[in-house]
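# Coordinate analysis (summary)
One-letter residues, chain by chain:
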Amino acid sequence: MYRTALRNVLAHKGRLLMTALAVMLGTAFVAGTMVFSDTFGKAMRDSNSKSYSDVSVQVVDRAAGSGATAREKSEKSAATLTDATVQQLAALPGAAGARGVVSGFTGVADKNGNLIGKAWSAKGANFAPGADGRDARYPMAEGQGPKNAKEIALDRKTADKAGYRIGDTVRVASNGPVVEAKLTGVFTTDDPVVNTGGTLTLFDRATAQQLLLEPGRYSSIVLTAKPGTSEGDLLAQAGPKLPAGQQIHSETGQQLKDDEQKMIEEGTSSMRTMLLAFAGISLFVGIFIIANTFTMLVAQRTKELALLRAIGASRKQVTRSVLIEALVIGALSAAAGLVAGIGIGAGLQSLVAELDSGMPTGSLVIKPLTVVVTLVVGIVVTVLSALLPAVRASRIAPVAAMSSGDQPSSQKSLVVRNTIGSVLTAGGGALIAYGASTGNSDGRIPVALGALLALVGVFVLLPLLSRPVIALVGPALGKLFGTPGKLARQNAVRNPRRTAATAAALTIGLTLVTGLTVLGASIGGAIDKAVTSSMRADYVIGAANDMGLSDKVPAEIAKTPGVTASSPMTTVYWELNGSTRAITGLNQDTFDKLVSIELTSGSAAALGQGQILVDEDVAKKNGVSAGSAVTVTYPDESTGKVTVGGVYKAGGMLGPVILANSEITKHEPQPYVSAVLVKGADGATDKLKQGLKDATGANPVIEVKSKQEVRDDFSQIISFALNMMYGLLAMSVIVAILGVINTLAMSVFERKREIGMLRAIGLERGGIKRMVRLESVVISVFGAGIGVLLGCFLAWAINGTLKSSMQGLTTVLPFGQLALFLALAGVVGLVAAFWPARRASKLDILASIKTD
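Bear in mind the structure is a predicted one, so any value in this text is a computation, not a measurement.

### What to know about the overall build of the chain
Check the secondary structure of the chain and you find 26 helices and 22 strands. In terms of principal-axis extent, the alpha carbons of the chain reach across some 100 × 70 × 45 Å. With 852 residues in all, the chain has 48% of them scored as buried. Long-range pairs, those at least 24 residues apart, make up 82% of the contacts in the chain between residues at least 6 apart in sequence. Of the roughly 37900 Å² that the chain leaves accessible, carbon and sulfur atoms contribute 59%. In the chain, the 82 positive side-chain charges and the 63 negative ones have mean positions that sit 16 Å from each other.

Below you can see the structure in the form of structure tokens.
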């Protein structure tokens with residue numbers, strides 16, 4: 001039986017080719033993901049291995065600098081790190097030295113005025129020379145370190161990228177005015193920001209504090225331990241000397257290294273999990289192809305298997321024979337997939353380097369785990385997929401050797417199948433409807449579980465659905481294509497199980513693609529509605545890195561010619577009735593000119609009287625209405641009563657609570673400025689936009705965006721996410737196409753006699769081709785249509801669970817794109833049928849008729 005199994009693999013290698021390709025592609029995706037994530041993770045760890053080599057203990061002020069979040073800035077206390085703190089820590093018994101570090105966002109403009117690199121990876125720091133005039137952290141390759149406010153130093157990569165040389169004037173900026181300084185030094189560094197493609201600018205200490213923090217303040221202090229003093233001991237000594245404050249945090253150098261390694265591991269693990277999920281989808285699609293292939297092979301070998309039973313082979317031996325075939329196919333395909341996966345991993349690494357030249361790279365990492373997992377996955381998936389066909393093969397009676405054709409399914413098996421499918425589909429649909437009705441995140445688990453049950457149920461019911469659905473297009477096929485069209489319809493429903501298994505592969509892909517597309521359109525519509533409904537301003541000015549703006553920017557903007565109204569949009573985090581809330585601040589005198597809210601009670605004029613406006617959700621949770629009073633806890637821990645001046649509908653860009661800037665600055669003199677809103681005398685014009693840019697000193701890190709540009713930015717983010725998902729799902733679609741090709745090719749082999757008879761009675765070669773192609777198109781569009789319907793339903797349910805976190809969210813069906821998906825499914829069917837149709841048309845008439 002073992003020899004028989006191996007001979008069958010060799011005898012049917014052509015018919016098993018598509019199955020082998022499906023397994024190979026799925027396992028290649030798995031192997032490529034593991035190779036890439038292991039390689040990228042190692043490169044990141046190697047790049048950051050020296051980050052904290054000179055750090056024994058680090059003390060950090062989390063509220064310092066542009067890197068602090070709005071919440072951290074809002075919650076900052078009087079505790080800061082100063083020169084006095086540095087001196088106290090330097091005097092510790094176990095400290096060999098203490099160094100104050102100033103760090104924050106600093107963008108560098110190239111010679112054309114554009115920002116070098118990405119805003120999120122642009123950093124500025126202080127040059128801290130020792131007695132010899134050198135800073136060991138930043139050894140100068142050329143020139144010397146900065147000594148005053150008119151001098152800076154740049155890392156080697158940034159200087160080379162922009163073509164700067166010693167003595168050149170360089171424009172740099174944080175979140176405020178642009179600084180023009182002379183480049184006095186170019187240094188090398190193993191700072192992870194630079195190693196990952198970022199920029200690093202050095203200032204003298206006083207200038208760094210002035211630009212990035214405030215005079216006399218440090219963002220962190222680094223301690224070096226004396227020989228014989230452990231990092232833990234030094235940390236314990238430093239504790240009592242630190243200023244009291246929630247934002248002051250200290251860690252040992254080893255803890256910092258461990259935290260960084262953990263962060264890298266979590267990042268690569270998340271990426272690997274996402275990629276493996278899509279690899280799993282490809283393998284899941286491949287299961288249908290494998291099962292379909294072995295089912296058809298068993299049907300084609302009915303006589304052979306029956307003869308084996310007749311000469312003494314047991315059921316177990318027959319089952320084992322089919323499974324051995326699957327094992328061989330799985331092992332060979334997985335091995336090929338491993339080789340292809342290594343190539344995919346190398347390709348992904350090259351792609352990342354091409355997209356961002358600063359990302360760290362290294363030699364490929366191929367762990368033994370990758371080899372084992374790839375081979376095991378390929379073998380297990382193939383053998384499990386062939387298990388049911390193998391069991392069916394064992395049930396072929398010896399007497400079947402004297403008959404021909406497929407063994408029909410029993411009525412009982414069809415009833416059981418349809419009953420199970422109906423129960424699963426109904427149960428899944430009920431769970432999905434319940435989850436969607438919750439309107440919040442509580443419904444996500446029911447929706448996910450319901451989606452799984454519904455998908456399985458629909459797959460089980462596909463044979464039942466195929467006959468009536470395909471019958472709908474039967475008359476059209478007959479009228480448009482004549483006899484080939486009628487034959488194509490009959491062939492598509494001749495074996496419903498086979499049709500269903502082929503269509504299911506496309507159903508999975510189209511369900512996911514459609515669901516993502518509808519979600520993207522729905523979320524994009526909600527965001528667009530929020531921007532257009534709440535924003536009357538012509539321009540929004542903000543930092544490219546989404547950090548806060550300098551408090552000097554709003555004043556400069558207000559002076560720009562053509563500006564009729566402007567207001568800084570500030571954010572603070574205060575407690576309202578014991579719960580911390582994000583409060584948006586705007587100038588009360590320009591409020592109505594710049595933004596729009598839909599009030600359900602009260603008036604926006606209440607802002608001028610020191611009252612607050614709250615959205616319906618906050619009003620409901622706190623049980624307040626217009627005229628009610630809420631207790632506010634300010635940053636200095638004092639409290640006060642504030643009257644609710646109005647309640648507005650939730651959603652939009654303004655957040656849950658609004659207060660006048662004049663009231664905010666009474667309790668928080670320097671609030672976080674997230675943006676500046678501007679209204680022009682003549683609307684949004686190129687002249688006004690240029691004037692606003694000039695007002696910021698043509699700052700490369702400050703962006704001036706019109707309302708349409710804000711909407712376009714959100715659209716681009718959604719489009720990028722969708723395109724990435726489409727790309728990851730492409731492998732599944734390719735596997736599904738292989739399934740269609742495989743089914744048609746094997747179907748042509750099965751129907752050689754039938755095709756020969758058709759040719760004998762006058763159907764020309766072109767008619768044969770048309771018949772096979774139309775059959776392929778019908779099956780493909782059937783599977784795609786079911787997938788589109790499922791995807792729309794699931795997207796509607798997911799939208800229901802997002803309504804509480806995204807006001808104004810409604811399900812938007814992009815009919816044009818959905819129609820395009822169906823049309824592309826038809827094209828896929830045509831492409832998949834090219835080889836089988838060509839092969840069918842070239843069959844010899846007499847040889848085909850004599851086929852046993």
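### Overview of the pattern of salt bridges
If you walk through the whole model with that rule in mind, you get 18 salt bridges. Among the ionic pairs, Asp38 bridges to Lys367, the shortest N-O distance being 3.9 Å. Here Asp38 is found in helix H2 (residues 17-47), whereas its partner Lys367 is found in the loop between helix H11 (315-355) and helix H12 (368-394), with 329 residues between them in sequence. Notably, a salt bridge pairs Glu663 with Lys666, separated by 3.0 Å at the nearest N-O pair. Taken together, the positions of Glu663 and Lys666, both in helix H19 (residues 661-667) and 3 residues apart, correspond to about one turn of that helix. Overall, Lys666 belongs to the exposed group, its relative accessible area being 56%. One continuous salt-bridge network, built from bridges that share partners, spans Asp38, Arg272 and Lys367.

### Considerations on the packing of aromatic side chains
Under the defined criterion, the tally for this structure stands at 5 aromatic pairs. Between Trp574 and Tyr634, the ring centres sit 5.1 Å apart and the planes meet at 85 degrees, which makes this aromatic pair edge-to-face. In this pair, Trp574 sits in strand S14 (residues 563-576) while Tyr634 sits in the loop between strand S18 (629-633) and strand S19 (639-648), placing the two residues 60 residues apart along the sequence.

### Section: the nonpolar core
Core analysis: the biggest nonpolar cluster contains 71 residues, and Leu462, Ile768 and Val772 have the highest contact counts within it. Per-element tally for this core: the top contributor is helix H23 (residues 765-802), with 13 residues. Filtering out sequence-adjacent residues up to four positions away, Ile768 remains in contact with Ile755, Leu758, Arg759, Leu763, Ala840 and Ser841. Core analysis: the next-biggest nonpolar cluster, separate from the first, contains 34 residues, Val59, Val108, Ile152 and Leu183 among them.

### A closer look at the confidence of the model for the chain
In low-pLDDT regions, the fine details of the predicted coordinates are not to be read closely. Per-residue confidence for the chain averages 85 on the pLDDT scale, and 92% of its residues sit at or above 70. Here residues 66-77 is modelled with pLDDT under 50, and outside its nearest four sequence neighbours on either side it reaches 33 contacts, counting other chains as well.

### Quick look at helix H22 (residues 752-760)
Of all the residues in H22, the buried ones are Ile755, Gly756, Leu758 and Arg759. The buried residues of H22 occupy an angular sector of 160 degrees when projected down its axis, which confines them to one face. Looking one or two residues past H22, Gly762 carries a phi angle of roughly 120 degrees, positive in sign.

### Observations concerning the environment of Ser533
Along the chain, Ser533 turns up in helix H15 (residues 496-534). For the pair Ser533 and Arg765, spaced 232 residues apart in sequence, the C-alpha to C-alpha distance is 62 Å.

### Let's talk about the packing of helix H14 (residues 444-494) against H23
Two numbers describe how H14 lies on H23: the axes approach to 8 Å, and their chain directions differ by 150 degrees. Taken together, H14 and H23 sit at an angle that is classed as roughly antiparallel. Once H14 is placed against H23, the crossing between them reads as right-handed. Grouping the constituent residues of the contact of H14 with H23 by class yields 25 nonpolar, 5 polar and 3 charged.

### So, the sheet that holds strand S12 (residues 248-252)
Read across the sheet, 4 strands follow the order S2-S11-S1-S12 without closing on themselves; strand pairing throughout is antiparallel. Where the open sheet ends on each side, the last strands, each with one partner, are strand S2 (95-101) and S12. Strand-to-strand twist across the sheet, computed as the mean angle between neighbouring axes with direction ignored, equals 15 degrees. Sitting on the sheet, helix H4 (residues 83-90) is in contact with strand S1 (57-61), S2 and strand S11 (220-225), with an inclination near 165 degrees to S2. Seen against the sheet, helix H8 (residues 231-238) touches S1, S2, S11 and S12 and runs at an angle of roughly 160 degrees to S12.

### What to know about a nonpolar patch on the surface
Taken together, Val372, Val376, Val380, Leu384 and Leu387 make up a surface patch of nonpolar side chains, about 410 Å² in accessible area. Considering the arrangement of structural elements, one finds Val380 in helix H12.

### Some remarks on the environment of Thr199
Here Thr199 shows up in strand S10 (residues 199-204). For Thr199, a relative accessible area of 1% gives the class buried. Remark: the alpha-carbon pair of Thr199 and Lys118, spanning 81 residues in sequence, is separated by 8.5 Å. If we skip the residues at most four places from it in the chain, Thr199 touches Thr106, Val108, Ile116, Ser121, Ala122, Lys123, Asp155, Thr158 and Val193.

Cut-offs applied
Residues numbered from 1 in each chain as written. Predicted model: local features only at pLDDT ≥ 70, side-chain atom pairs only at ≥ 80, totals over all residues. Heavy atoms only, no water. Helix = DSSP H or I, 4+ residues; strand = E, 2+ residues; numbered from the N terminus. Buried < 20%, exposed > 50% of the residue type's maximum accessible area, 1.4 Å probe, protein only. Contact = heavy atoms within 4.5 Å. Areas by Shrake-Rupley, 256 points an atom, 1.4 Å probe, with all protein chains shown as cover. Lys, Arg positive; Asp, Glu negative; His and termini not counted. Charge placed at Lys NZ, Arg CZ, Asp CG, Glu CD. Salt bridge = Lys/Arg side-chain N within 4 Å of Asp/Glu carboxyl O. Phe/Tyr/Trp six-rings, centres within 6.5 Å; stacked < 30°, edge-to-face > 60°. Core = buried A, V, L, I, M, F, W, Y, C linked by side-chain atoms within 4.5 Å. pLDDT = per-residue confidence, 0-100. Arc of directions from axis to C-beta. Axes fitted to C-alpha atoms, helices over the stretch in contact; angles between N-to-C directions. Parallel < 35°, antiparallel > 145°, perpendicular 65-115°, else oblique. Left-handed = near helix turned anticlockwise from the far one by under 90°. Nonpolar A, V, L, I, M, F, W, Y, C, P; charged D, E, K, R; others polar. Pairing = 2+ DSSP bridges. Patch = residues over 30% accessible without salt bridge, like charges linked within 9 Å, V, L, I, M, F, W, Y side chains within 5 Å.

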